[in-house]
Amino acid sequence: PYPWLAAGPEFYQMVRAVRRRHPVPAGAAEEEISVRRPDGTLAPVMSVLVPVAGTDERPHRFMLTYRDMTFRKQAEERLRQRSEALQEALRGRDNFLASMSHELRTPLNSILGFTGTLLMRLPGPLNAAQEEQLRIIERSGHHLLSLINDILAIGKIESGTGISTEPVEVEAVVREVVQSLGPLAAEKGLALDLALEEAPIAVMADPRGLSQILINLINNAIKFTETGAITIGLRSTGAPEGRNVELSVTDTGPGIPADALPRIFNRYERAATITRPDSEGVGLGLAIARGLAERSDAELTVSSTLGVGTTFTLHLKGATQCQPTFS
């Protein structure tokens, strides 16, 4: 690529420069240097100095090769520019999602708030038709709010923002989530049973992420279970110096076909609708749960039997005993 180089003083200057840096190379000595062209511009060159005669301790003959790096450098620069443009686009998306979350949730919260006020009959009595219509508004509003939250959660998982790792008492998180979702299960006549290990367990995790995973799994179980109960289990596994935690959610729903199990964590996949085609949702809950689990270096698995039920298990690493903080 440089016919002028081998015949001119630049070549010998390059040889001397490389030899000074690598007087006795044990093997091939590779180095990127700059060589001045006849027009005065600098050319990036990758030089490789290889001993070809003598001993490993005292090589006395060398072979020097050089390779034009101009096109490679240009390609690297284009890649860097595209990477910066992509990062800028991701920042713009995150800013848009943050802004839209406020713009969408503010009026939606007002709608839900006033609907709740009317259903409490604070402004006055309601007839049966009015109450039913308000219930529809309330359910639709909560469904829309859930979709907005799912979209925002997907954005945070992709961007890796909002991660906060700290010691988390798993049982306290379980009890808090079960208390908040208890009324939803009670509406369908379902029991939320706890099967918790007696010794309090703590793990290093993102507390909000762990809570969101559990909310999504229990919500999913409530949605697709008509009769029976949902059991939330917690136990530690392994030796004391390397204990792990298994947090499980088991339902008595219709189950998931075996051929659908590999797909249920994909976005917009709703395998349970094979048995419940009228169910709501767009299929983001389980995708979000697995994404949050992977972000916390955990694993989310599933097992299911048709006609019996389904169990989702979150495998968390690094468990330790702790003092209980819940009442």
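So, a few notes on the structure that sits alongside this text. (Residues numbered from 1 in each chain as written. Predicted model: local features only at pLDDT ≥ 70, side-chain atom pairs only at ≥ 80, totals over all residues. Heavy atoms only, no water.)

Looking now at the side chain of S248. Mapped onto the elements of the fold, S248 is located in strand 8 (residues 244-250). Its relative accessible area of 17% is what places S248 among the buried residues. Leaving out residues up to four positions away in the same chain, S248 has contacts with T231, I232, G233, T311, F312 and T313. (Helix = DSSP H or I, 4+ residues; strand = E, 2+ residues; numbered from the N terminus. Buried < 20%, exposed > 50% of the residue type's maximum accessible area, 1.4 Å probe, protein only. Contact = heavy atoms within 4.5 Å.)

Moving on to the packing of aromatic side chains. What the rule picks out here adds up to 1 aromatic pair. On the numbers, 6.1 Å between centres and 85 degrees between planes, the contact of F265 with F312 is edge-to-face. Separated by 47 residues along the polypeptide, F265 in the loop between strand 8 and helix 7 (285-295) and F312 in strand 10 (residues 309-317) bring together distant segments of the chain. Here F265 falls in the buried class, since its relative accessible area comes to 9%. (Phe/Tyr/Trp six-rings, centres within 6.5 Å; stacked < 30°, edge-to-face > 60°.)

To continue, consider the sheet that holds strand 5 (residues 191-196). Pairing in this open sheet of 5 strands is mixed, and the strands run 5-7-8-10-9 from one edge to the other. This sheet does not close on itself; its edge strands, each paired only once, are strand 5 and strand 9 (299-305). Averaged over neighbouring strand pairs, the angle between their axes works out to 15 degrees when direction is ignored. Note: strand 5 against strand 7 (residues 229-237), 6 bridges, orientation parallel. In the sheet register, L192 faces strand 7, and the bridge partner there is I230. Along the sheet, helix 5 (residues 170-187) makes contact with strand 5, strand 7 and strand 8, crossing strand 5 at roughly 170 degrees. (Pairing = 2+ DSSP bridges. Axes fitted to C-alpha atoms, helices over the stretch in contact; angles between N-to-C directions.)

Think of an α-helix as 3.6 residues a turn; residues three or four steps apart then line up on the same face. In this model helix 6 (residues 207-223) runs 24 Å from its N-terminal to its C-terminal C-alpha over 17 residues, within 8% of the 24 Å that 1.5 Å per residue would give. Those residues of helix 6 that fall on the buried side of the exposure criterion are G209, L210, S211, I213, L214, N216, L217, I218, A221 and I222. (Expected span 1.5 Å × (residues − 1).)

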